[in-house]
Amino acid sequence: MLTVIDEGTPYGIATGPDGALWFTLVHQGRIGTMVPGQKPVVHQLAQADGQPTVITPGPDGAMWFSEGQGGRVSRITAEGRVTSHEADSPYGIVAGPDGGMWFTQMRIGRIGRIGLDGERADFEVPVEGGMPAFITSGPDDALWFTINQGNAIGRVSLGGDVTVHPLPTEGAAPVGITLGPDGALWFVEIGAGQVGRISTSGEITEYPLPDRAARPHAIITGPDGALWFTEWAAGRVGRITVDGAIEEHALPPLPAELRAEAGAEAGVGDGDDGAVRKAEPHGLTVGPDGAIWVALEAGALARLG
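### Focus on the sheet that holds strand E7 (residues 63–67)
Pairing within the open sheet is antiparallel, and its 4 strands lie in the order E6-E7-E8-E9. Bordering the open sheet on either side are strand E6 (52–57) and strand E9 (82–86), each of which pairs with just one other strand. Strand after strand, the sheet turns through a mean of 25 degrees between neighbouring axes, direction not considered. Relative to strand E8 (residues 72–76), E7 runs antiparallel, the two sharing 5 bridges. Along E8, the bridge assignment pairs serine 66 with valine 73.

Encoded structure:
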């Protein structure tokens, strides 16, 4: 099932404590919310050029999101009220086990933390030009994050101690990361076309995708005890079990007008294969209805299941 979002291009998506889907419209500076089966509601941010990307629920009943271009970590309530905190090139963001919001700062190579009282802390990632990307809460009272250009996985304790685990595959360029159902951290390698697993002790296993050029981007744990991930370049969603069995699912076909718009932006021609590639799936989440929902930068939300 496909829900066209006329107001912009979805990038990040998460389920909120209010039982609705929340998503970022990256190029329009907007935040959308939608209860499955109902019409979406879109909130225009005061500064439309901030490029909101990753969005996640906070421990305070609100949603938090990063604005990498605008240099802000922002909070939005169910009513659409927004407050912001300054940050340098924020991207990934997640609620930590300590009740604070933890986020990556790609350009300056730091992990930031904002408490609900507004208290701020920054921790250096000891990889020059590493570009920390997504971040997730681990099972060990620490935060785990990908180091995209540093080709590594990082761990930061609540006290700010950072450990770096280099990846065995050169040029893997990890992006998405999530806590798996087996207590390990699972991540995707957009540069190598692989899914990776790292235990809390640092043991790494990599699983090559059938299509190594699929450009996997984001990953979550699904309701079925498996990991689900987007394949940005291939226009598909993948699923991998904790034993490493991989399957892939085609996304619903895009309406003709969205295919045309996405094709013009990408500079590709018509054709079935080209139309699939134009979907540009980025973030994904388990929806309030138990299905997998995917944000398509072509201008829609897709529901699988």
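### Side note on the pattern of salt bridges
Using the criterion set out here, one finds 15 salt bridges in the structure. A salt bridge links glutamate 67 to arginine 72, with the nearest nitrogen and oxygen atoms 3.0 Å apart. Pair check on accessibility: glutamate 67 and arginine 72 agree, each one buried. A salt bridge links arginine 113 to aspartate 98; its shortest N-O distance comes to 2.8 Å. Note that arginine 113 is positioned in strand E12 (residues 110–114) and aspartate 98 in the loop between strand E10 (90–95) and strand E11 (101–105), a separation of 15 residues in sequence.

### Structural notes on the packing of aromatic side chains
Going through the model one piece at a time under the given rule, you end up with 4 aromatic pairs. Between the aromatic rings of tyrosine 11 and tyrosine 91, the centroid separation amounts to 6.5 Å while the plane-to-plane angle is 75 degrees, which identifies the pairing as edge-to-face. Of the two residues, tyrosine 11 sits in strand E2 (residues 10–15) while tyrosine 91 sits in strand E10, which places them 80 residues apart along the sequence. Judged by its relative accessible area of 13%, tyrosine 11 is buried. Judged by relative accessible area, tyrosine 91 falls into the buried class, the value being 9%. Measuring from ring centre to ring centre gives 5.8 Å for tryptophan 186 and tyrosine 207, while their planes differ by 10 degrees; the resulting arrangement is stacked. Within this pair, whereas tryptophan 186 is found in strand E19 (residues 185–189), its partner tyrosine 207 is found in strand E21 (residues 204–208), the two being separated by 21 residues in sequence. When its relative accessible area of 0% is taken as the criterion, tryptophan 186 is described as buried. Residue class for tyrosine 207 comes out buried when judged on its relative accessible area of 17%. One aromatic cluster is present, formed by Tyr11, Tyr91 and Phe134 through successive ring pairs.

### Side note on the sheet that holds strand E28 (residues 300–304)
Spatially, the 4 strands line up as an open sheet ordered E1-E28-E27-E26, and their pairing is antiparallel. The open sheet is flanked by strand E1 (2–4) and strand E26 (281–286), the only strands paired with a single partner. Between one strand axis and the next, the sheet turns through 20 degrees on average, direction left out of account.

### A closer look at the pairing of strand E15 (residues 142–147)
With respect to burial, E15 is a largely interior element, 6 of its 6 residues being buried. Residues Ala142, Trp144 and Thr146 point to one face of E15 and Leu143, Phe145 and Ile147 to the other, with burial holding for every one of them. Strand direction decides the pairing type here: strand E14 (residues 132–137) and E15, joined by 4 bridges, are antiparallel. Of the residues in E15, the one forming a bridge with serine 137 is leucine 143. A loop of 4 residues connects E14 with E15, the two strands running antiparallel in sequence, and aspartate 141 in this loop sits at a positive phi of about 55 degrees.

Conventions used here
- Residues numbered from 1 in each chain as written.
- Predicted model: local features only at pLDDT ≥ 70, side-chain atom pairs only at ≥ 80, totals over all residues.
- Heavy atoms only, no water.
- Pairing = 2+ DSSP bridges.
- Helix = DSSP H or I, 4+ residues; strand = E, 2+ residues; numbered from the N terminus.
- Axes fitted to C-alpha atoms, helices over the stretch in contact; angles between N-to-C directions.
- Salt bridge = Lys/Arg side-chain N within 4 Å of Asp/Glu carboxyl O.
- Buried < 20%, exposed > 50% of the residue type's maximum accessible area, 1.4 Å probe, protein only.
- Phe/Tyr/Trp six-rings, centres within 6.5 Å; stacked < 30°, edge-to-face > 60°.

Honestly, that's just the spatial picture; any functional story needs more than this.
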